[in-house]
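# Structural overview for review
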Amino acid sequence: MKIIVNGAGGRMGNEVIRMAQAGMRGAEMAAAVDINGCNVTGCAVAKSLDEYEGPADCVIDFTHHTVTAGLLEYAKKRKLPVVIATTGHTEDEKALIKAAAAEIPVFFSYNMSLGVAVLASLAEKAAKMFPDADIEIIEKHHNRKLDVPSGTALLLADRIKLVRADAEYVIGRHENGKRTKNEIGIHSLRMGNVVGEHEILISTDNEVITLKHEAKDRALFAEGALSAAAFLVKQPAGLYNMQDMMAAE
Ligand SMILES: NC(=O)c1ccc[n+]([C@@H]2O[C@H](COP(=O)([O-])OP(=O)(O)OC[C@H]3O[C@@H](n4cnc5c(N)ncnc54)[C@H](O)[C@@H]3O)[C@@H](O)[C@H]2O)c1
């Protein structure tokens, strides 16, 4: 499976390339693309996707959400499956992703970790079993992270919303007043080199359930992105996520 890594000079791009060069999940580097350049050998190197027209089976994107529109145009033009691991999309950008999935296979997940997929599933189950509980999500990340709250915190909240249709997200509570019954509080901490921690607290008056995932090394997300690519290249056009991949295994 020949892959193009978009965002090849970034933290995550570097990890994906390191693993692809080691042949993980049957991957092989076709091209390393980064607008700011990158130091990659053994494959084509470009500053924009449009510069690369060589062989490829899939694109993996770890860049910035504003890159998504151009990324999708490139993937559609070349009929290439695309793994979008970038976070922070606007509703308009999400609509573009959905529309592109009618033409090409698209894997879109704000968290590529299997552990977080399990966490999301446990959170949904707990929220369903305790319909009156207060739910709060706390996420911690390194001090270079751009988007707030994390895409994963939103992914977890969205999953809980499946069983709490009236849920409203309160991001960074900062005004006086009581919480409402239907709110999901989402709180972001930015500090040091934290790879990613997500904690969901589900509290009734008498007990608290705490579900927590800690990412110890960002290699975990790179491995997940390569697994997603290996899954995606076998799928027809459509929109896929971690749940779909887990169901297929
Ligand atoms: N889904 C997940 O599991 C997961 C995990 C970690 C990070 N992320 C997300 O992935 C993204 C990248 O994270 P990072 O830590 O690697 O960031 P980073 O800033 O280290 O890397 C981003 C790279 O993208 C490049 N880039 C920007 N615009 C580009 C363009 N138009 N074309 C090509 N390259 C371009 C930048 O030059 C940079 O090298 C973020 O949105 C982050 O939140 C997702």
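A quick note: this is a predicted structure, and the numbers were derived from the prediction, not measured.

## Things to note about the site of the ligand
Inspection of the region around the ligand gives 27 residues, with Gly 7, Gly 10, Met 12, Asn 36 and Met 112 positioned closest. The biggest single contributor to the shell around the ligand is helix α1 (residues 11–21), with 3 residues. A per-class count over the shell around the ligand returns 9 nonpolar, 14 polar and 4 charged.

## Focus: the sheet that holds strand β4 (residues 58–61)
Read from one edge to the other, the open sheet built from 7 strands follows the order β3-β2-β1-β4-β5-β6-β12, with strand pairing classed as parallel. Edge positions in the sheet fall to β3 (44–46) and β12 (238–240), since each of these pairs with one other strand and no more. Neighbour-to-neighbour, the strand axes of the sheet open up by a mean angle of 20°, direction not taken into account.

## Considerations on the domain arrangement of the protein chain
Along its sequence, the protein chain is carved into domain 1 (2–112 + 218–248) and domain 2 (114–215). The gap between the C-alpha centroids of domain 1 and domain 2 is 27 Å. The interface of domain 1 with domain 2 comprises 10 residues on the first partner and 12 residues on the second. When contributions to the side of domain 1 that touches domain 2 are tallied by element, the ones reaching two or more residues are α6 (219–232) and α7 (242–248). Examining the composition of the side of domain 1 that touches domain 2, we find that 3 residues originate from one element, α7, more than from any other. Residue composition of the side of domain 1 that touches domain 2, by class: 4 nonpolar, 5 polar and 1 charged.

## Notes on the environment of Ala 225
Counting through the fold element by element, Ala 225 comes out in helix α6. Accessibility expressed as a C-beta count within 10 Å gives 30 for Ala 225, which makes it buried. Once the C-alpha coordinates of Ala 225 and Met 112 are considered, the two residues, 113 residues apart in sequence, prove to be 6.0 Å apart. In this structure, Ala 225 is in contact with Val 16, Ile 60, Val 83, Ala 85 and Met 112, ignoring residues within four places of it in sequence.

Criteria and cut-off values
- All residue numbers here refer to positions counted from 1 along the written sequence of the relevant chain.
- Local features are withheld for residues below a pLDDT of 70 in this predicted model, meaning they are given only at 70 or higher, and side-chain atom pairs are given and counted only at 80 or more; totals for whole chains, interfaces and linings count all residues.
- Placing a C-beta atom from the backbone of each residue, we mark the residue near a molecule or strand if the atom is within 6 Å of it.
- The helix and strand labels rest on DSSP assignments: H or I over at least four residues marks a helix, E over at least two residues marks a strand, and numbering proceeds from the N terminus.
- As a working rule, the residues Ala, Val, Leu, Ile, Met, Phe, Trp, Tyr, Cys and Pro are called nonpolar, Asp, Glu, Lys and Arg charged, and the rest polar, with Gly in that last group.
- Here, a strand pair is defined by DSSP locating no fewer than two bridges between the strands.
- Comment: axis = line fitted to C-alpha atoms, over the contacting stretch for helices; angle = value between 0 and 180 degrees taken between N-to-C directions.
- What counts as a domain boundary in this text is fixed by an automatic or database domain assignment.
- The contact criterion used is a C-beta to C-beta distance within 7 Å, with each C-beta placed from the backbone.
- Exposed residues have 12 or fewer other C-beta atoms within 10 Å of their own C-beta, buried residues have 20 or more, and residues in between are partly exposed; the C-beta atoms are placed from the backbone.

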